[in-house]
Amino acid sequence: MKRTLFILFISISFLATSQSDRPKTLIGNDPEEISGFGAVLFSFMPIDGQLSTLTGGGGAVLFDNTFYIGGYGLGLTSNKETSLDGTDFTSSFGHGGFWLGYNIKSDELLHFGIETKLGWGGITTKSKATNEEVNEDDVFVFNPQFFGEANIAYWFKINAGVGFQKTIGVDSPYFDPGDYDGPTFGISLLFGWFN
């Protein structure tokens, strides 16, 4: 019995010492400080002079409930219509890539943050009459935003942000290079575990 208690005492002491001797790290020492979330994304911006809506989703790994890195995808909810030389065309647009962000005082009920989406995608234009593809542009998208966020529950947040989208690579006779640039307004519904 004494021998069993002695072994138990030594084991507990060893575990306590091992935990206290853990090195300091940039992100944190507790596994609980790394979590994640999935998101439903809505983005509104002018395209070719008309207000357009993009929807999609994303997900990210969250460090210390502050910094996150992940991926996203967005696409137009309805095709854009344009005309050239009396012929009608429709164009679709979508992009996806990296999603980076930083929360400021995320433990507060209402707080702020910054984020950016760095992605690539395409603009595909088709003849409205024949549905034949007439042009495709590969593009790169850069969209930084400033957002306000509300902690609704431990597993749910909602945020709204404003920013500016720059689309590089628009080389089409149907659109001007700046038609896919402009201010953005985004709403994100975040579902996950927020420590």
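Residues numbered from 1 in each chain as written. Predicted model: local features only at pLDDT ≥ 70, side-chain atom pairs only at ≥ 80, totals over all residues. Heavy atoms only, no water.

1. Concerning the overall build of the protein chain
Of the regular secondary structure elements, the protein chain holds one helix and nine strands. Starting at the N terminus, the α and β elements of the protein chain follow one another as α-β-β-β-β-β-β-β-β-β. Out of the 195 residues in the protein chain, the part that is buried amounts to 37%. Within the structure as shown, the protein chain displays about 11,300 Å² of accessible surface, and the carbon and sulfur contribution to it stands at 64%. (Helix = DSSP H or I, 4+ residues; strand = E, 2+ residues; numbered from the N terminus. Buried < 20%, exposed > 50% of the residue type's maximum accessible area, 1.4 Å probe, protein only. Areas by Shrake-Rupley, 256 points an atom, 1.4 Å probe, with all protein chains shown as cover.)

2. Quick notes on a negative patch on the surface
A contiguous patch of negative charge, built from E132, E133, E136 and D138, is present on the exposed surface. Within the secondary structure, D138 sits in strand β7 (residues 133–153). D138 gets classed as exposed once you look at its relative accessible area, which sits at 64%. (Patch = residues over 30% accessible without salt bridge, like charges linked within 9 Å, V, L, I, M, F, W, Y side chains within 5 Å. Salt bridge = Lys/Arg side-chain N within 4 Å of Asp/Glu carboxyl O. Lys, Arg positive; Asp, Glu negative; His and termini not counted. Charge placed at Lys NZ, Arg CZ, Asp CG, Glu CD.)

3. Digging into the side chain of D137
Mapping D137 onto the fold places it in strand β7. Buried within the structure, D137 lacks any salt-bridge partner; K166 is the closest side chain of opposite charge, at an N-O distance of 13 Å. A polar contact of 3.5 Å, which involves the side chain of D137, links it to the side chain of N135. Here the side chain of D137 touches D171 through a polar contact of 3.1 Å, landing on its backbone nitrogen. (Polar contact = N/O pair within 3.5 Å; in protein donor to acceptor, adjacent residues only side chain to side chain.)

4. Some remarks on the nonpolar core
F37, Y68, F93, W99, I123 and Y180 are the most contacted members of the largest nonpolar core, which has 25 residues in total. Breaking this core down by element, the ones donating at least two residues are β1 (34–47), β2 (50–63), β3 (67–76), β5 (87–104) and β7. If you tally residues by element for this core, the top one is β1, at five residues. Non-local contacts of I123, meaning those with residues more than four positions away in its chain, are made with S91, S92, F93, N135, E136, D137, V139, V170, F175 and Y180. (Core = buried A, V, L, I, M, F, W, Y, C linked by side-chain atoms within 4.5 Å. Contact = heavy atoms within 4.5 Å.)

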